[in-house]
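Results of the structural survey
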Amino acid sequence: MQRIRTRPQFQAAMAGAIVAKTPHFALHRLALPDPAHGRLLFPVQDTWIGVVLPKRWAKRAVTRNSLRRQVYEVSRAVATQLPQAALVVRLRGGFDRQQFVSATSDALKRAAREELQQLLARVSRPAVGPAC
C-alpha cells in the first residue's frame, strides 16, 4: 500500500467518483491507468491511500492527527482486500465536541474506526474462497 503525498495525486484522486459515504467520511476512488500507458502520478500498480481532513470539520490539530492515524491504521488492516486504485478518505462532517470532548479519547477513536471500517468494506474486493 502506498500513500498519496503530492498535490497533483490528491487532485487526480479527488476528481474520481465518490464510491462510499458514512455520516462523517466520504471515499473518493480513481482507477489507476493500465501498465501499458505511462503512469506519471501513480508509478506503482498498488493501492494508494490519502486523507483529507479540513480544519472546517476538525479544528484542533490533535484531532486531525488522531483521525489521520485511524485512517491509515484501518486501511493497513484491510490492505489485501482493497482494490488497486487511488483512494482518498475525506472528512465531510465534524464529530460532536459535546459527545467527544477529548480529541484523543477512546470513544472518538472507536467511533472513527467503526465508520472507517464500514467505508472501506464497501469498496473491498471479495475474499477468494476455496474452490468446490
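Residues numbered from 1 in each chain as written. Predicted model: local features only at pLDDT ≥ 70, side-chain atom pairs only at ≥ 80, totals over all residues. Heavy atoms only, no water.

1. A look at the overall build of the protein chain
Put simply, the rule is: Helix and strand definitions here come from DSSP, where helices need a minimum of 4 consecutive H or I residues and strands a minimum of 2 consecutive E residues; each element is numbered from the N-terminal end. Remark: exposure states derive from per-residue accessible area (1.4 Å probe, protein chains only) relative to the maximum for the residue type, with buried under 20%, exposed over 50%, and partly exposed in between. Residues count as neighbours in contact if any of their non-hydrogen atoms are within 4.5 Å of one another. Reported accessibility uses the Shrake-Rupley method at a 1.4 Å probe radius. Residues are deemed covered only where the shown protein chains occlude them.
For the protein chain, the helix and strand inventory stands at three helices and five strands. Looking at the protein chain as a whole, 39% of its 132 residues are labelled buried. Within the protein chain, counting contacts between residues at least 6 apart in sequence, those at least 24 apart form 77% of the total. Surface accessibility of the protein chain: about 7700 Å² in total, with carbon and sulfur atoms responsible for 52%.

2. Quick word on the nonpolar core
The condition that has to hold: Residues belong to one nonpolar core when they are buried, are Ala, Val, Leu, Ile, Met, Phe, Trp, Tyr or Cys, and are joined through side-chain atoms within 4.5 Å.
One finds Phe-25, Leu-27, Val-89 and Phe-95 to be the most contacted residues of the largest nonpolar core, which totals 23 residues. Looking at this core, the elements that each hand over two or more residues are strand E3 (25–31), strand E4 (48–52), helix H2 (61–77), strand E5 (85–91) and helix H3 (106–121). At five residues, the largest contribution of residues to this core is made by H3.

3. Some points on the sheet that holds strand E1 (residues 2–3)
Selection rule: Two strands form a pair only when DSSP identifies at least two bridges running between them. With axes taken as lines fitted to C-alpha atoms, and helix axes fitted only over the stretch in contact, angles between N-to-C directions fall between 0 and 180 degrees.
Taken in spatial order, the five strands line up as E1-E4-E5-E3-E2 in an open sheet, and their pairing is mixed. The sheet is open, and its two edges are formed by E1 and strand E2 (17–21), each paired on a single side. Seen against the sheet, H2 touches E1, E3, E4 and E5 and runs at an angle of roughly 160° to E4.

4. Some remarks on the confidence of the model for the protein chain
What counts, and what does not: Predictor confidence is given residue by residue as pLDDT, running from a minimum of 0 to a maximum of 100.
Here the protein chain averages 86 in pLDDT, and 89% of its residues register 70 or above. The spread of mean pLDDT over the elements of the protein chain runs between H3, the lowest at 90, and E4, the highest at 94.

5. Let's talk about the packing of aromatic side chains
Given two aromatic rings, their pairing is described by the distance between the two centres and the angle made by the two planes. Note the following rule: When the centres of two rings from Phe, Tyr and Trp lie within 6.5 Å, Trp using its six-membered ring, the rings pair. Their planes under 30 degrees apart give stacked, over 60 give edge-to-face, and anything left gives tilted.
Scanning the model with the defined rule gives three aromatic pairs in all. Consider the rings of Phe-42 and Trp-48, whose centres lie 5.3 Å apart with planes at 70°: the pair is edge-to-face. Residue Phe-42 is classed as buried on the basis of its relative accessible area of 3%. The exposure class of Trp-48 is buried, given its relative accessible area of 6%. A ring pair is formed by Phe-95 and Phe-100, whose centres lie 5.8 Å apart and whose planes are at 80°; its orientation type is edge-to-face. Each of the two residues, Phe-95 as well as Phe-100, counts as buried.

6. Here we look at the pairing of E3
In this structure, E2 lies alongside E3, joined through four bridges in antiparallel fashion. Paired with Ala-17 across the bridge in E3 is Arg-29. Strand direction decides the pairing type here: E3 and E5, joined by seven bridges, are antiparallel. Bridge assignment links Phe-25 to a residue of E5, and that residue is Leu-91.

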